[in-house]
Amino acid sequence: MTNILFRVVEIVDETPDIRALRLVRQDGQRLKPYQAGAHIDVVGPTGLLRQYSLCSPPDDPASILIAVKREAESRGGSAALHEVRVGDHLKVSRPRNLLSIADGADQHVLVAGGIGVTPLLSMAYELYACGADFQLHYFARSRSEAAFVDLLEERVEFRDRVRLHFGVPRAAQPALFLELAASLTPATHVYTCGPDGFMAQVIAAFAPAVGDERVHVEHFVAAEVDTSSDRPFTVELDTGEIFDVPADRSILAVLEENGIEVFKSCEEGICGSCVSGVLEGTPDHRDSCLTAADREHQMALCVSRALSDKLVIELY
Ligand code: FES
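Residues numbered from 1 in each chain as written. Predicted model: local features only at pLDDT ≥ 70, side-chain atom pairs only at ≥ 80, totals over all residues. Heavy atoms only, no water.

### Focus: the overall build of the protein chain
So, step 1. A tally of regular secondary structure across the protein chain gives six helices and 18 strands.
So, step 2. In terms of overall size, the protein chain behaves like a compact globule, its C-alpha atoms giving a radius of gyration of 20 Å where 316 residues would be expected to give roughly 20 Å.
So, step 3. Projecting the C-alpha coordinates of the protein chain onto the three principal axes gives extents of approximately 55 × 50 × 35 Å.
So, step 4. Each of the 316 residues in the protein chain was classed as buried or not, and the buried ones make up 48%.
So, step 5. Here the contacts in the protein chain between residues at least 6 apart in sequence split such that 66% fall between residues at least 24 apart.
So, step 6. Accessible area for the protein chain stands at about 15,000 Å²; split by element, carbon and sulfur atoms hold 48% of it. (Helix = DSSP H or I, 4+ residues; strand = E, 2+ residues; numbered from the N terminus. Rg over C-alpha atoms; globule rule 2.2 N^0.38 Å. Buried < 20%, exposed > 50% of the residue type's maximum accessible area, 1.4 Å probe, protein only. Contact = heavy atoms within 4.5 Å. Areas by Shrake-Rupley, 256 points an atom, 1.4 Å probe, with all protein chains shown as cover.)

Quick look at the structure:
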């Protein structure tokens, strides 16, 4: 995927661990609107590639905004991005979207945990712009550990629609979620992003009220998978080429070893770069990015395998 050179024009420390970077295209071109909830790949100073959600208004033609949380066990990705200065350059991919606003909802409820507020922020801008009915519930350990609080409290798009929940213990959150879920109409769509345990509690509370298919999830970390019973299978491309996938290799790895170019980024089933069409066979889905509807005809080649002896796939 072609990356575009951006320049860092503003850096704001939102919290001691979260730094917001505003970026403009180095060639001066205007930005096309992106789909709310989208993320980009960013190649940092160490050459490591990471995904970050866009959290600026999706129709801002001048700049994009990302927020980088310094991870305690950073292998050079987030820590290096905390070292960039105004004027530095970063390579950035085109936006991709795995969490999008649903059509036909009569209300949208956004539930953010910690740094998970970032994709939901762009969705809130978009929902406000199109006059939709929405609420944003933002959970963080404390005010000082929550990013974008001043903006959420002051901007007209957010101030009447945002509820800040600071210091609510994890054990007390399900009761709060259930209380919120009880007031929703069945045509409400719920979107959540945050730590996996937090999102699991959101799903458990809201899915019985609105249905599984109306709870939309954005993952930052890969799901854990038991690979002990993995077995070999065959993959056929829509071009007719056939490849054997051993028990210890991914479809993505086998295709690359055979000179087939496949878009990829995270290689953990999170970013959606390698998602391809499934024309025949039954995938064993192991990604954290596709919805149940997506999985009916698509799969992530970096992590998912096959339940059938053979898959026929179409590369995008
Ligand atoms: S490379 Fe990111 S989902 Fe496969």
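Now that the structure has been shown, we can carry on.
### Notes on the sheet that holds strand β6 (residues 89–92)
So, step 1. Strand order in the open sheet made by the six strands is β4-β3-β6-β1-β2-β5, with antiparallel pairing throughout. With partners counted over all chains shown, the strands left at the sheet margins are β4 (49–53) and β5 (64–69), one partner each. Here the average twist between neighbouring strands, direction ignored, is 40 degrees.
So, step 2. Relative to β5, strand β2 (residues 18–25) runs antiparallel, the two being bridged by six bridges. Bridge pairing links Arg19 to Val68 in β5. (Pairing = 2+ DSSP bridges. Axes fitted to C-alpha atoms, helices over the stretch in contact; angles between N-to-C directions.)

### With respect to the domain arrangement of the protein chain
So, step 1. Looking at the assigned domains, one finds that the protein chain contains domain 1 (4–92), domain 2 (107–218) and domain 3 (233–314).
So, step 2. Centre-to-centre separation of domain 1 and domain 2, based on C-alpha positions: 23 Å.
So, step 3. Opposite the 18 residues of domain 1 that make contact, domain 2 presents 14 residues.
So, step 4. When the two sides are added together, the surface that domain 1 and domain 2 hide from each other amounts to roughly 1,300 Å², 67% of it contributed by carbon and sulfur.
So, step 5. Taken together, the links from domain 1 to domain 2 amount to zero salt bridges.
So, step 6. Taken together, the connections running from domain 1 to domain 2 amount to three residue pairs in polar contact (both at pLDDT 80 or more).
So, step 7. When contributions to the side of domain 1 that touches domain 2 are tallied by element, the ones reaching two or more residues are β2 and β5.
So, step 8. The dominant element in the side of domain 1 that touches domain 2, judged by the number of residues it contributes, is β5, at three residues.
So, step 9. Per-class residue counts for the side of domain 1 that touches domain 2 are eleven nonpolar, five polar and two charged. (Domains from an automatic or database assignment. Buried area = accessible area lost by both parts, 1.4 Å probe. Salt bridge = Lys/Arg side-chain N within 4 Å of Asp/Glu carboxyl O. Polar contact = N/O pair within 3.5 Å; in protein donor to acceptor, adjacent residues only side chain to side chain. Nonpolar A, V, L, I, M, F, W, Y, C, P; charged D, E, K, R; others polar.)

### Concerning the packing of aromatic side chains
So, step 1. Evaluation of the coordinates by the stated rule reveals five aromatic pairs.
So, step 2. With 5.6 Å between their ring centres and 85 degrees between their planes, Phe177 and Phe198 make a pair best called edge-to-face. On the criterion of sequence distance, the pair formed by Phe177 in helix α4 (residues 173–182) and Phe198 in helix α5 (residues 196–210) is long-range, its members being 21 residues apart. Judged on exposure class, the residue Phe177 and its partner Phe198 are both buried. (Phe/Tyr/Trp six-rings, centres within 6.5 Å; stacked < 30°, edge-to-face > 60°.)

### Observations concerning the sheet that holds strand β13 (residues 242–245)
So, step 1. Spatially, five strands are ordered β13-β12-β18-β14-β16 in an open sheet, and the strand pairing comes out mixed. With one partner strand each, in any of the chains shown, β13 and β16 (298–300) form the two edges of the open sheet. Neighbouring strand axes in the sheet, compared pairwise and without regard to direction, differ in orientation by 40 degrees on average.

### So, the nonpolar core
So, step 1. Of all hydrophobic cores here, the largest spans 31 residues; its most connected members are Leu110, Leu120 and Phe148.
So, step 2. For this core, the elements supplying multiple residues, two or more each, are β2, β5, β7 (107–113), α2 (117–129), β8 (134–140), α3 (149–154) and β10 (188–193).
So, step 3. Here this core gets seven residues from one element, more than from any other, and that element is α2.
So, step 4. The two domains that each donate at least three residues to this core are domain 1 (4–92) and domain 2 (107–218).
So, step 5. Residues in contact with Phe148, not counting those within four places in the same chain, are Glu14, Ala20, Cys55, Leu65, Ala67, Val117, Thr118 and Leu121.
So, step 6. In terms of nonpolar packing, the next biggest core, distinct from the first, is built from 24 residues, Val245, Leu252, Met299 and Ala300 among them. (Core = buried A, V, L, I, M, F, W, Y, C linked by side-chain atoms within 4.5 Å.)

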